[in-house]
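Residues per chain are reported as follows:
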Amino acid sequence: GMMVDDNNFIHDNITWGVDGEMYFLQRRLKVAGGFIGVHDDRVTHKPLILYTPFLGIEYSDDLFHAKVYGLVQAGKWENSGVARIDQEILAWAATANVGVTTRYLDADWNVFVLSGDDEHDGNRQFGAFFYSGKNHSRSMLLTEDELRDRYDNYDEQMSTRWGSFFVNRAGLVVTDITVSGKGLGGFHPELVVAGGFTLEDHNSNGNRYMGVEADIVLAMDVLKRASLVAVGQLFFPGEAAAAFVNRADLQATESIYGVQFGTVVTW
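Here is what the cut-offs are and how they apply
- Residues numbered from 1 in each chain as written.
- Predicted model: local features only at pLDDT ≥ 70, side-chain atom pairs only at ≥ 80, totals over all residues.
- Heavy atoms only, no water.
- Helix = DSSP H or I, 4+ residues; strand = E, 2+ residues; numbered from the N terminus.
- Buried < 20%, exposed > 50% of the residue type's maximum accessible area, 1.4 Å probe, protein only.
- Contact = heavy atoms within 4.5 Å.
- Areas by Shrake-Rupley, 256 points an atom, 1.4 Å probe, with all protein chains shown as cover.
- Lys, Arg positive; Asp, Glu negative; His and termini not counted.
- Charge placed at Lys NZ, Arg CZ, Asp CG, Glu CD.
- Pairing = 2+ DSSP bridges.
- Salt bridge = Lys/Arg side-chain N within 4 Å of Asp/Glu carboxyl O.
- Core = buried A, V, L, I, M, F, W, Y, C linked by side-chain atoms within 4.5 Å.
- Polar contact = N/O pair within 3.5 Å; in protein donor to acceptor, adjacent residues only side chain to side chain.
- Phe/Tyr/Trp six-rings, centres within 6.5 Å; stacked < 30°, edge-to-face > 60°.

Engineer: What should I look at first to understand the overall build of the protein chain in this one?
Structural biologist: In terms of helices and strands, the protein chain carries 2 helices and 15 strands. In terms of its C-alpha atoms, the protein chain occupies a principal-axis envelope of roughly 60 × 50 × 40 Å. Looking at the protein chain as a whole, 41% of its 267 residues are labelled buried. Residue pairs at least 24 apart in sequence account for 56% of intrachain contacts in the protein chain once pairs closer than 6 positions are excluded. Looking at the protein chain as shown, the accessible area adds up to about 15,100 Å², and 60% of this sits on carbon and sulfur atoms. In the protein chain, 21 side chains carry a positive charge and 36 a negative one; their mean positions are 5 Å apart.

This is the structure:
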């Protein structure tokens with residue numbers, strides 16, 4: 001809680017929104033939409049105002065599922081440009097997913113896109129999307145590892161941070177294919193292959209290729225709500241990712257690999 005008479009509300013961050021959904025075809029088809037507003041005054045004399053309407057459609061039956069969503073982001077970032085000019089924000093994002101569900105196998109394809117800014121940093125137009133870091137990708141290095149988030153995924157490392165948002169002026173495209181085994185008792189294998197690109201190469205050191213990752217996830221149920229998990233990871237970075245992540249040689253692209261072991265409990 002807070003004491004109202006001790007807060008002048010000058011440097012607060014306010015987020016608000018409204019959304020709704022409608023179902024058709026015996027609830028197999030869903031249409032959803034909404035509007036989210038952000039008024040961020042965390043930095044003195046640089047208030048950020050964002051308005052983000054979104055619209056999406058989803059379909060799901062026993063065999064097939066798909067979804068597609070589009071977002072537009074508009075607003076103003078005061079005193080943020082060269083010579084303290086205001087920047088007008090107009091950005092966009094989109095995500096799509098298609099998958100099939102069978103008795104022994106599930107397969108999914110997913111992609112999300114975040115718009116980038118033009119090559120002139122600090123001018124009156126700002127086109128990069130203010131991104132939460134959350135998405136539907138199953139990748140574990142290019143995007144957040146949902147098994148154990150280590151806060152070092154590359155979509156965030158390649159972005160600058162504004163409060164809880166991540167902003168990449170080069171724009172991002174991440175796509176992945178996931179194949180999951182079923183009908184094997186308590187054993188659940190999964191293979192994920194993902195790739196990433198930037199949209200504006202002049203904002204990513206003249207390159208667009210972020211890299212390709214491959215993950216093998218092996219889970220074994222030991223209790224109704226507990227599993228042992230082993231993960232093998234491999235990443236072949238591209239020069240677009242290297243330009244943001246490296247500190248010395250901005251063109252070094254040596255492969256990266258790792259393993260994870262752990263226990264996952266749900267409740």
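Engineer: Mind showing me how you'd approach the sheet that holds strand E10 (residues 165–167) here?
Structural biologist: Either a parallel or an antiparallel arrangement is found when strands of a sheet pair, and the pairing is made through backbone hydrogen bonds. Strand order across the open sheet formed by 3 strands is E8-E10-E9, with antiparallel pairing between neighbours. With one partner strand each, in any of the chains shown, strand E8 (130–131) and strand E9 (160–162) form the two edges of the open sheet. Sheet topology places E9 next to E10; 3 bridges connect them, and they run antiparallel. Across the sheet, arginine 161 pairs through a bridge with phenylalanine 166, a residue of E10.

Engineer: What am I meant to see in the pattern of salt bridges here?
Structural biologist: Within the structure shown, the criterion is met by 10 salt bridges. The salt bridge involving aspartate 145 is made with arginine 150; its shortest N-O contact spans 3.3 Å. On the accessibility criterion, arginine 150 (32% relative accessible area) is partly exposed.

Engineer: Honestly, the pairing of strand E1 (residues 13–24) in this entry has me stumped. Any pointers?
Structural biologist: Remember that side chains alternate between the two faces of the sheet whenever the strand is regular. For E1 and strand E2 (residues 29–40), the ladder comprises 12 bridges, and the chain directions are antiparallel. Along E2, the bridge assignment pairs glycine 17 with isoleucine 36. Between E1 and E2, which pair antiparallel in sequence order, lie 4 residues; one of them, leucine 25, sits at a positive phi of approximately 50°.

Engineer: Looking at this model, I keep getting lost on unusual backbone geometry. Mind explaining?
Structural biologist: Generally, phi is negative for residues other than glycine and the peptide bonds are trans, each holding for most cases. At arginine 27, a residue that is not glycine, the phi angle is positive and equals roughly 70°. Looking at the element boundaries, arginine 27 is found in the loop between E1 and E2. A positive phi angle, near 65°, is found at histidine 45, a position not held by glycine. Along the polypeptide, histidine 45 turns up in the loop between E2 and strand E3 (48–60).

Engineer: Would you mind showing me how to read the nonpolar core here?
Structural biologist: Looking at soluble globular proteins, one finds that nonpolar side chains tend to be buried together. Formed by 19 residues in total, the largest nonpolar core has its most connected members in Leu114, Phe129, Tyr131, Leu142, Met158 and Met210. Among the secondary structure elements, those contributing two or more residues to this core are strand E5 (87–101), strand E6 (105–114), strand E11 (172–181) and helix H2 (239–245). Here this core gets 3 residues from one element, more than from any other, and that element is H2. Apart from residues lying up to four places away in sequence, tyrosine 131 is in contact with Phe112, Leu114, Asp155, Ser164, Phe165 and Phe166. Val38, Trp77, Phe126 and Phe130 belong to the second-largest nonpolar core, a separate cluster that totals 11 residues.

Engineer: Whenever I open this one, the pairing of E11 confuses me. Can you help?
Structural biologist: With 7 of its 10 residues buried, E11 lies for the most part within the structure. Pairing of E6 with E11 involves 10 bridges; the strand directions are antiparallel. Its bridge partner being in E11, aspartate 106 is matched across the sheet by serine 180. By the bridge criterion, 8 bridges tie E11 to strand E12 (residues 187–197) in an arrangement that is antiparallel. If you follow isoleucine 177 over to E12, its bridge partner there is valine 193.

Engineer: What's the story with the side chain of threonine 198 in this structure? I'm lost.
Structural biologist: Along the chain, threonine 198 turns up in the loop between E12 and strand E13 (209–223). Of note is the side chain of threonine 198, whose polar atom sits 3.0 Å from the side chain of serine 204. Once residues within four sequence positions are removed from consideration, threonine 198 is found in contact with Met158, Ala170, Gly171, Ser204, Asn207, Arg208, Met210 and Ala240.

Engineer: How should the packing of aromatic side chains be read in this particular structure?
Structural biologist: Here the distance between the centres and the angle between the planes together describe a pair of aromatic rings. According to the stated counting rule, one finds 11 aromatic pairs in the structure shown. Note on tryptophan 77 and tryptophan 162: the rings are 4.9 Å apart at their centroids and 70° apart in plane angle, and the pair reads as edge-to-face. Within this pair, whereas tryptophan 77 is found in strand E4 (residues 64–77), its partner tryptophan 162 is found in strand E9, the two being separated by 85 residues in sequence. Of the two residues, tryptophan 77 and tryptophan 162, neither departs from the other in class, the shared state being buried. Taken together, the ring pairs in this structure connect Trp77, Phe126, Phe130, Trp162 and Phe165 into an aromatic cluster.

Engineer: How should the side chain of glutamate 144 be read in this particular structure?
Structural biologist: Examined against the element boundaries, glutamate 144 turns out to sit in the loop between E8 and helix H1 (154–157). At 2.9 Å, the side chain of glutamate 144 forms a polar contact with the side chain of lysine 134.

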